[in-house]
Amino acid sequence: ISAINCAPSAFYPLVEQTTHAGYPFASLRNVVLGGEPIRLGTLQPWFNDARANCKLTNSYGPTECTDGVAACSLRRIEDPSAGMPVGRALANTQLFIVNQQGMLMPTGATGELCVAGIGVGTGYLNRDELTTQVFQHNPHGTGRWYRTGDLVRYSATGDIIYVGRKDFQVKLRGLRIESLEVGRPEMRQTLDRAQRFLNLVALLAALLAAVAVAIAA
């Protein structure tokens, strides 16, 4: 196995224990993680191991924008406390950091990340009010943009740094959770389904590790 693309929480168990057979999985060349912030401190011992020869990529892309819209890659983790940047816009995508009124924010100032480009969706099915709130005319270009609700800022190098959320949404193993809706009956059903999905992800991760060991042998 030379490439893995998954949520960070699904990948951590593979590298947290150095006693796993095949560690540090020298065949890996590309690990692409997305869906939630990456804990670099958890990955650093494995990633900086001299036997590992891998590129780590943080892939950022809301479902509303079809696919990835930004990325950042590392070859070595120097300072895990700094966090991994969201990175920079991919092809056919434009990223804007704005205040509540849609005005562009300067480098270092925190604002909401808005995404424009050919991948931006047309809205939510049967949720016209929410569609109007977040799918809007792009005042700094053509077409529409999507207001992600993610708070970010530009670093001095031009990379986008994730800061947090402007609402109560949280991520659990790459899955969105609206904390204000957790008490609703339909939300409990959704969480039950999510747990079953996560169990399948854990099983898949174990299977991938077994396959990697078999290949290495």
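In this convention, every chain numbers its residues from 1, walking through the sequence in written order. Only residues with pLDDT of at least 70 get local features here, since the model is predicted, and only at 80 or more are side-chain atom pairs given and counted; chain-wide, interface and lining totals rely on the full set of residues. Only hydrogens and water are set aside when side-chain values are computed; all heavy atoms of the structure are taken into account.

### Quick look at helix α2 (residues 40-47)
- Partly exposed describes any residue whose relative accessible area lies between the buried limit of under 20% and the exposed limit of over 50%, with all areas from a 1.4 Å probe on protein chains only and scaled to the type maximum. Working definition: helices are DSSP H or I runs of at least four residues, strands are E runs of at least two. Numbering for both runs from the N terminus. Within the span of α2, buried status applies to L40, L43, W46 and F47. All buried residues of α2 project into a common sector of 120° when viewed along the axis, lining one side.
- Residue contacts are defined here by distance: any two heavy atoms, one from each residue, within 4.5 Å place the two residues in contact. Lining the buried residues of α2 we find α1 (8-16), β2 (30-34), β3 (55-60) and β4 (70-74). What the arc describes is the spread of directions from the helix axis to the C-beta atoms.

### Looking at unusual backbone geometry
- The linkage connecting Y23 with the following residue, P24, adopts the cis geometry, with an omega of 10°.
- Phi is positive for F25, close to 60°, though the residue is something other than glycine.
- Here F25 falls in the buried class, since its relative accessible area comes to 8%.
- For N92, which is not a glycine, the phi torsion comes out positive at approximately 65°.
- Residue placement: N92 occurs in the loop between β5 (88-89) and β6 (93-98).

### Looking at the side chain of T93
- The topology assignment puts T93 in strand β6.
- A relative accessible area of 15% means that T93 is categorised as buried.
- The contact partners of T93, leaving out residues within four places of it in the chain, are V69, V115, A116 and G117.

### Overview of the sheet that holds strand β1 (residues 3-6)
- Strand pairing requires that DSSP identify at least two bridges connecting the strands. Taken in spatial order, the five strands of this open sheet run β1-β2-β3-β4-β5, and their pairing is mixed. Edge positions in the open sheet fall to β1 and β5, since each of these has one partner strand only.
- Inspection of the sheet shows β4 paired to β5 by two bridges, in the antiparallel sense. Among the inter-strand pairings, A70 is bridged to a residue of β5, identified as A89.
- All axes are obtained by fitting lines to C-alpha atoms, using only the stretch in contact for helices, and the reported angles, taken between N-to-C directions, cover 0 to 180 degrees. Strands β1 and β2 of the sheet are contacted by α1, whose axis makes an angle of about 135° with β1.
- The sheet strands contacting α2 are β2, β3 and β4, and the helix crosses β3 at an angle near 155°.

### Some details on the packing of aromatic side chains
- Centres within 6.5 Å are what make two rings of Phe, Tyr or Trp a pair, Trp counting through its six-membered ring; a difference in plane orientation under 30 degrees is then read as stacked, over 60 as edge-to-face, and the rest as tilted. One pass over the structure, following the stated rule, counts six aromatic pairs.
- Measuring from centroid to centroid gives 5.3 Å for F11 and W46, while their planes differ by 70°, and the two rings are edge-to-face. With F11 in helix α1 and W46 in helix α2, the pair connects residues that are 35 residues apart, well separated along the chain.
- On the basis of relative accessible area, F11 is assigned to the buried category, the value being 1%.
- Seen from their ring centres, F135 and Y146 are 5.2 Å apart, and the 40° between their planes marks the pair as tilted. With F135 in strand β8 (residues 135-137) and Y146 in strand β9 (residues 144-154), the pair connects residues that are 11 residues apart, well separated along the chain.
- In this structure F135 comes out as buried when scored by relative accessible area, which is 6%.
- A residue is classified by how much of its surface remains accessible, and Y146, at 4% relative accessible area, is buried.
- Linked through ring pairs, F11, W46 and F47 together constitute an aromatic cluster.

Scope: geometric values only; no functional claims are made or implied.
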